[in-house]
Amino acid sequence: MSEESDLEKTEPASPRRLEKAREEGQVARSRELSTLILLGAAVAGIWSGADSLGTTLQQALRRGLHFERASGFDTSFMLVQVGDMLLEGLLAALPILSVMAFAALVGPMLLGGWLFSAKSLAPNFGKLDPLAGIGRMFSTQSLAELAKALAKSLLIGGVAWVVIMGNMDRVMALMAQPASAALPQMAKLVAQDSVLIVAALLLIALIDVPYQLWSHYRKLRMSKEDLRQEHKESEGDPHIKARIRSQQQQMSRRRMMAEVPKADIVVTNPTHFAVALKYVDGDMSAPRVVAKGVDRVALRIREIAREHKVAVLEAPPLTRALYKNTRLGQEIPAGLYTAVAEVLAWVYRLKRWQSEGGDAPREPSDLPIPPELEYAPKAD
């Protein structure tokens, strides 16, 4: 059978399919969202630390431009001075770099959550197939990424051009100001202009995030056959489960039949139902159902009872009530105490008559069954 096409995969991915894809490293990701978070954190850091950053850079620049005649004859002085300037600049930018590092870690977690999958690190030589690579280059996903990259470049490039041209006079005016005033203003100007670029990225992210979610779930769509196969794997093959249930029922039935010879009485319907009861004075608070069944099972219960000389009594209302209101191994309900007591009393008289002789005991009739415990099976 040919492989199912994407058109046949019309069903949304099941929770198990999503979990398996996540284990393999397949989650929805948006580069635009991560870029937005990272650039936004950088702009916020520059905005909040413009004054201190400008002051530090100004001092470093002043020391770098300061020249002493004696240092001109020391070749190691220049390297030491450059190293000090770089270290000072790095310390000044450290808060901003820390915020950006935190944003780089948090950004991907906003869509898809934190994920580390060893399977995604395993080598996949199938990706080296040139034909498959060419197919991916001209796939719908690649064309969408190309269109998105062009739109992003045009949008951000246009915003950057408008920002630069709109602030050209302010940038040129900074050249006439002293360094102490120009550097902080330049930092704030960069941050202000970067806000507009971040706004442009926000627009792109608002479009890209829903698209990435749609694309991710679209790739994981399943066909009806996939769902059936997954259900079979998770729940088990119905045929195998049916065989297991059948074997379990047979084992349970054999255990039940083994209890029939130990019963005190088997009451019948007379043909459709059979219930075996046992009572041990001192060990049980009430008689207990040790076997019950209908049709063929009921017939087998009666046969085993006669083979082992267990008393059998036709009491249709009582039998139906016991079958309906008790489970296997359960004591009889209180409403049937009187009726079952009469039956057990007849069993004890029957055993005495069988061992001592005399007049045969009369079978009990008109046993009292409460209306709420009565059971009238439907006619065939």
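See above for the structure.
A short tour of the structure in this document, coming up.

**Considering the overall build of the protein**
Point 1. Of the regular secondary structure elements, the protein holds 13 helices and 4 strands.
Point 2. Taking all 380 residues of the protein together, the buried fraction comes to 28%.
Point 3. By sequence separation, contacts in the protein at least 24 residues apart represent 77% of the contacts at least 6 residues apart.
Point 4. Approximately 25300 Å² of the protein is accessible, and the part contributed by carbon and sulfur atoms is 61%.

**Structural notes on the nonpolar core**
Point 1. Core analysis: the largest hydrophobic core is formed by 23 residues, its most contacted members being Ile265, Leu277, Leu318, Leu322 and Leu336.
Point 2. Mapped by element, the contributors of at least two residues to this core are β1 (265–268), β2 (273–278), β4 (311–314), α12 (316–325) and α13 (337–356).
Point 3. Not counting residues up to four positions away in its chain, the partners in contact with isoleucine 265 are Val275, Ala276, Leu277, Val310, Ala311, Val312, Leu313, Val343, Leu344, Trp346 and Val347.
Point 4. In terms of nonpolar packing, the next biggest core, distinct from the first, is built from 15 residues, Val266, Val290, Val297 and Ile304 among them.

**Some details on the side chain of histidine 216**
Point 1. Take histidine 216: it is sitting in helix α8 (residues 179–219).
Point 2. For histidine 216, a relative accessible area of 13% puts it in the buried group.
Point 3. With sequence-adjacent residues up to four places away left out, histidine 216 is seen in contact with Gln26, Val27 and Ala28.

**Side note on the side chain of aspartate 264**
Point 1. Assignment of secondary structure puts aspartate 264 in the loop between α10 (238–259) and β1.
Point 2. As a buried residue without a salt bridge, aspartate 264 has its nearest oppositely charged side chain in lysine 351, at a separation of 4.1 Å.
Point 3. In this structure the side chain of aspartate 264 is engaged in a polar contact, spanning 2.8 Å, whose partner is the backbone nitrogen of tyrosine 279.
Point 4. With residues near it in sequence (within four places) discarded, aspartate 264 still touches Leu277, Lys278, Tyr279, Val310, Ala311, Leu344, Val347 and Lys351.

**Digging into the sheet that holds β4**
Think of a sheet as strands paired side by side through backbone hydrogen bonds, with each pair either parallel or antiparallel.
Point 1. Taken together, the 4 strands give an open sheet; going across it, the order is β3-β2-β1-β4, and neighbouring strands pair in mixed fashion. A single partner strand is all that each edge strand has here, and the edge strands are β3 (288–294) and β4. Each strand axis lies, on average, 20 degrees off the axis of its neighbour in the sheet, ignoring direction.
Point 2. For β1 and β4, the ladder comprises 4 bridges, and the chain directions are parallel. Directly across from valine 267, in β4, lies its bridge partner leucine 313.
Point 3. Sitting on the sheet, helix α11 (residues 296–307) touches β1, β2, β3 and β4, and the angle it makes with β3 is about 125 degrees.
Point 4. Each of β1, β2 and β4 touches α13; the most contacted strand, β4, lies at about 135 degrees to it.

**Let's talk about the packing of aromatic side chains**
Point 1. This structure, assessed with the given rule, holds 2 aromatic pairs.
Point 2. Here tyrosine 211 and tryptophan 214 contribute two aromatic rings whose centre-to-centre distance is 6.0 Å and whose plane-to-plane angle is 35 degrees, an arrangement assigned as tilted. Here the residue tyrosine 211 and the residue tryptophan 214 both occupy positions in helix α8, the gap between them amounting to 3 residues, near one helical turn.
Point 3. The class of tryptophan 214 is exposed, set by a relative accessible area of 52%.
Point 4. Measuring from ring centre to ring centre gives 5.0 Å for phenylalanine 273 and tyrosine 323, while their planes differ by 70 degrees; the resulting arrangement is edge-to-face. Here phenylalanine 273, found in strand β2, pairs with tyrosine 323, found in helix α12; they are 50 residues apart in sequence, far enough to count as distant.

The rules behind each value
Residues numbered from 1 in each chain as written. Predicted model: local features only at pLDDT ≥ 70, side-chain atom pairs only at ≥ 80, totals over all residues. Heavy atoms only, no water. Helix = DSSP H or I, 4+ residues; strand = E, 2+ residues; numbered from the N terminus. Buried < 20%, exposed > 50% of the residue type's maximum accessible area, 1.4 Å probe, protein only. Contact = heavy atoms within 4.5 Å. Areas by Shrake-Rupley, 256 points an atom, 1.4 Å probe, with all protein chains shown as cover. Core = buried A, V, L, I, M, F, W, Y, C linked by side-chain atoms within 4.5 Å. Lys, Arg positive; Asp, Glu negative; His and termini not counted. Salt bridge = Lys/Arg side-chain N within 4 Å of Asp/Glu carboxyl O. Polar contact = N/O pair within 3.5 Å; in protein donor to acceptor, adjacent residues only side chain to side chain. Pairing = 2+ DSSP bridges. Axes fitted to C-alpha atoms, helices over the stretch in contact; angles between N-to-C directions. Phe/Tyr/Trp six-rings, centres within 6.5 Å; stacked < 30°, edge-to-face > 60°.

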